[in-house]
Amino acid sequence: MEFFLQLLINGLSIGLLYGLSALGFVMIFKASSVLNFAHGQLLAMGAFFFLVLVSWLKIPIVVAFLITLAGSFVLGFAVERIFLRPLIGESLIFVIMLTVGLASMFKGLLLFFFGGNLQTYPDFLPAGLALQIGTIYVPPVYVASSLLGGVFLLLFGLFFKYSPQGIFMRSVADNQTAAMSLGVHVKKVFALSWAIAALVAGMSGIVLGIINGINVHEISSIGLKVFPVVILGGLDSIGGAIIGGIIIGLLETFTSGYISPSLRDVIPYIVLVVILLIKPYGLFGLVEIERV
Amino acid sequence: MEERPEDTLLQLNNISVVYSDVIQVLKGVSLKVPRGRIVSLLGSNGAGKTTTLKAISGLLKPENGKVTDGEIVYDGSRVQNLSPEEITRLGITQVLEGRQPFKYLTIEENLKVGTATRWLKPWKKDLELVYDYFPPLTKRKKTLAGYCSGGEMQMLVMGRALMAHPKLLLLDEPSLGLAPLVVREIFRIIRRINEEQGTTIVLVEQNANMALQIAHYGYVMENGKIVMEGEAATLRENPDVKEFYLGVSAGGLARSYKDVKSYKRRKRWL
Amino acid sequence: MRRLHFHPCGNYKERYAEHLCLFETDFGRMWAIIGLIALFGVVPLASSPYLLYVINMTGIAAIAALGLNILVGFTGQISLGHGAFFGVGAYAGAILATRLGLPFWLSVPAAGLVTAGVGMIFGIPSGRLKGLYLTIATLAGQFIIEYILVHWEGLTKGTMGIMLPSASLFGWAVNTDRRFFLVIFACLVGLTLVASNLMRTRYGRAFIAIRDNDRAAEGMGIPIFGYKLLSFAVSSFYAGFAGALWAYYMRSISTEPFNLGLSVEYIAMVIIGGLGSIPGSIFGAVFITGLNEILRFLTDAMMNMSALSGFGLNMASLREFAFGLAIVLFILFEPKGIAELWRIVRSTFRLWPFSY
């Protein structure tokens, strides 16, 4: 029983991390229908940027966190402006391959500057954040990441539901021509969605770094695990990303706990294929409203 | 009424539009839209009406179309081939053909998108105004637009355009696929908007009869050219328009091949 | 003797047969023959062993890229699992050779057929999925195949790898780079001919119709699911064939090389070479393999210079960067790939000095 509970807690927290990582991915897809294969590298960029600020430049944590968010925002904006904008209207394979190319470029750069070794942040989370539920111990990083995840989820939910820019972003995702006819600046919306997505990715990268340490290969592979997560949740649903993440996280920990640790890394993809075959729009994706 | 040149809000001088650098759709279209009037653009399918509207609103660009010749003058400045964002900010809003609401947004959110050109300004009052014009929308504020009826959708997209405070409203076939009673209601509202808001309207229609009842002036297009123009009342009485667009043959007589030929000949000359 | 065909000064084709012929002019045919003679007569004798090794690798990559181009460039189904299919072919070839003792000439095509079967299984989602959903499904296929290769130890010996017997063709031992060159390039030429001829048949036309508009193709009476599966099968056959050749050439295989990176490399070959172009696949294979080798060479050179060795260590990562950069630049500036550049160069020469 205790084993089960420990697995449950682990699964939940890992799942929340997956969900958080998938948030930015969903955002890009929602606004511009781009499948971003460079998402893992965006996560890694944020994590390493934070590392530079905290460990090398010794900037206070909160300031460093804010600077990282701002830097990621600018990075996302620049990526859209330089690489993605010329491809608006091009066919799917070019857009996909462009992000694949970007992934390899970013990864190469990160390896060049930081190498492939594991690096860690200085320990800065207060130990008081840890939770003791009965016999189960929840480490402070998990509590902190859950809190951060919850806050950001709420913020983004509100942003999309109520703010004008959020509504414009949804309108572009819905019907680009109609949005254009009303004067919505579609390119600005694309740029903004990339910027926000990179910001979320940067933040998730930091949290990942706190928990697992920072390693380029490790974080990049999480970028690919985003796919089962978002397909499960529905490619365009923010809440779905979180729930999909949690389901995948639980699945992974329980598979490795009860069946076989080696199955852990492939089980999400098996689920992915099954989901695609029976319910391609995912659990929470928008089913196309088709009427003429 | 004597027309002075500054009363013209929009003028198209001999414009040509080409899609994908090869397909020429408009071949020298000129028309004039006086301020505060309703001008109707009639013609059969593929005549180039929608393309004309898109040339004005800048929506040709995403479809790889371009104004290659001539000029579009709006309010004294040339606007051809500007991006849609710039054009909408000048006060031109197009209502697209075939009712395209944002299906996954609620009615109210849809209306809010209409304020994109001036999204920092207050907009609550405009919302009231739109609900006043289109009362059926009031009770469905929170419904997803994708689940509304055709008539409600048409009202929604028109209301959404009104939110932008357009000086020039381009309406593309508002009657498409709607019940006759709803069509009459919509045209009544168009008239009201024109009279109360002073909005200049360009109305593209297949339903020539309805269009000519509310328009002040009309143009008839064929094959990418303007083939006929005149005051709405005059056009309504024109035997050719009657026969080919209103579907009433002159005096109820059977059409003879000769008449058709004479019309075709005339069309060539025009 | 019939009259020679030169480039006409316009499009004077009157029959479908003229549109469908492989060589538009007799000069084209002549150059192709000269090229082939040079390829088989001169290259193996004039190259150093290292260069020959690189050329052989290019040839194998070209076979696999041809297959991927049939799927992606001609049928429009994006696959991110081609590297895994290549691996399936390599393992199928190795297992057939070691367990069943099949001879070289039989086990390579048989490996192709096995891979074609596997490819069809992973092509089944294409019946229901389109575009990016299918892409994600093939990505999952890549991971699942990788997992099976590593963990089905009874069949694949897992991470231990398999040693292959040396290849021989009817008593002629294929054991040097030079002999392998002949075998690989004979296969490449043969399979290129098959691919270009396939595109001239109803099957090829059906593929292209599906790529351009699958709904319309279905409306025209093309059973699209069957053809998509066929395209997956053909493409995997090429991958498997190339994989088996590779296994024989390497003599020992393990599971590592067949990862997502390899799949990405193949897609990069197809895009950089030119989507929907048979020669494009070969150009792409030459470009990517060449780029890889050049970057490796630079890295090694840096490592050996003592002053720069620290820097050279980091250069290894810049290889990944350069690779990504090449993909990005091609997509941004010449999305039709090297095949298009080649066409432009050729027509410039042909039309010079009056280019209009």
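Rules used in this analysis
Residues numbered from 1 in each chain as written. Chains lettered and ligands numbered in written order. Predicted model: local features only at pLDDT ≥ 70, side-chain atom pairs only at ≥ 80, totals over all residues. Heavy atoms only, no water. Helix = DSSP H or I, 4+ residues; strand = E, 2+ residues; numbered from the N terminus. Contact = heavy atoms within 4.5 Å. Areas by Shrake-Rupley, 256 points an atom, 1.4 Å probe, with all protein chains shown as cover. Pairing = 2+ DSSP bridges. Axes fitted to C-alpha atoms, helices over the stretch in contact; angles between N-to-C directions. Patch = residues over 30% accessible without salt bridge, like charges linked within 9 Å, V, L, I, M, F, W, Y side chains within 5 Å. Salt bridge = Lys/Arg side-chain N within 4 Å of Asp/Glu carboxyl O. Polar contact = N/O pair within 3.5 Å; in protein donor to acceptor, adjacent residues only side chain to side chain.

K.L.:
Before we move on, can you summarise the overall build of chain C with the specific residues and values?
P.N.:
When you go through chain C residue by residue, the secondary structure sums to 16 helices and 4 strands. Intrachain contacts of chain C at a sequence separation of at least 6 include 75% that bridge at least 24 residues. Surface exposure of chain C reaches about 17300 Å², of which carbon and sulfur atoms provide 68%.

K.L.:
Tell me about the overall build of chain B, residues and numbers included.
P.N.:
Of the regular secondary structure elements, chain B holds 11 helices and 10 strands. In chain B, the proportion of contacts linking residues at least 24 apart, taken out of those at least 6 apart, comes to 68%. Surface exposure of chain B reaches about 12600 Å², of which carbon and sulfur atoms provide 51%.

K.L.:
Can you break down the sheet that holds strand β7 (residues 168–172) of chain B residue by residue, with the values?
P.N.:
All names here are of chain B. Read from one edge of the open sheet, 6 strands run β6-β7-β8-β3-β9-β10, paired in mixed fashion. In this open sheet, the two edge strands, each paired with only one partner strand, are β6 (92–95) and β10 (225–231). Neighbour-to-neighbour, the strand axes of this sheet turn through a mean angle of 15°, independent of strand direction. By the bridge criterion, 5 bridges tie β7 to strand β8 (residues 200–205) in an arrangement that is parallel. For Leu168, the partnering residue across the bridge sits in β8 and is Thr200. Contacting β6 and β7, helix α6 (residues 150–162) crosses the sheet at an angle of about 170° to β6.

K.L.:
Go over a nonpolar patch on the surface, please, and point to the residues and values.
P.N.:
Residue and element names in this part refer to chain A. Side chains of Met1, Phe3, Phe4, Leu5, Tyr258 and Ile259 sit close together on the surface and give an oily, nonpolar patch of about 660 Å² of accessible area. At the level of elements, α1 (2–32) and α10 (238–259) are the ones that each hand at least two residues to the nonpolar patch. With 3 residues, α1 is the single largest residue contributor to the nonpolar patch. Structurally, Leu5 is set in helix α1.

K.L.:
Before we move on, could you go through the environment of Thr255(A) and cite the residues and values that matter?
P.N.:
Residue and element names in this part refer to chain A. Secondary-structure assignment places Thr255 in helix α10. For the pair Thr255 and Asp265, spaced 10 residues apart in sequence, the C-alpha separation works out to 9.4 Å. Here Thr255 is in contact with Ser260, Leu263 and Ile267, once residues within four sequence places are set aside. At 2.3 Å, the side chain of Thr255 forms a polar contact with the backbone oxygen of Leu251.

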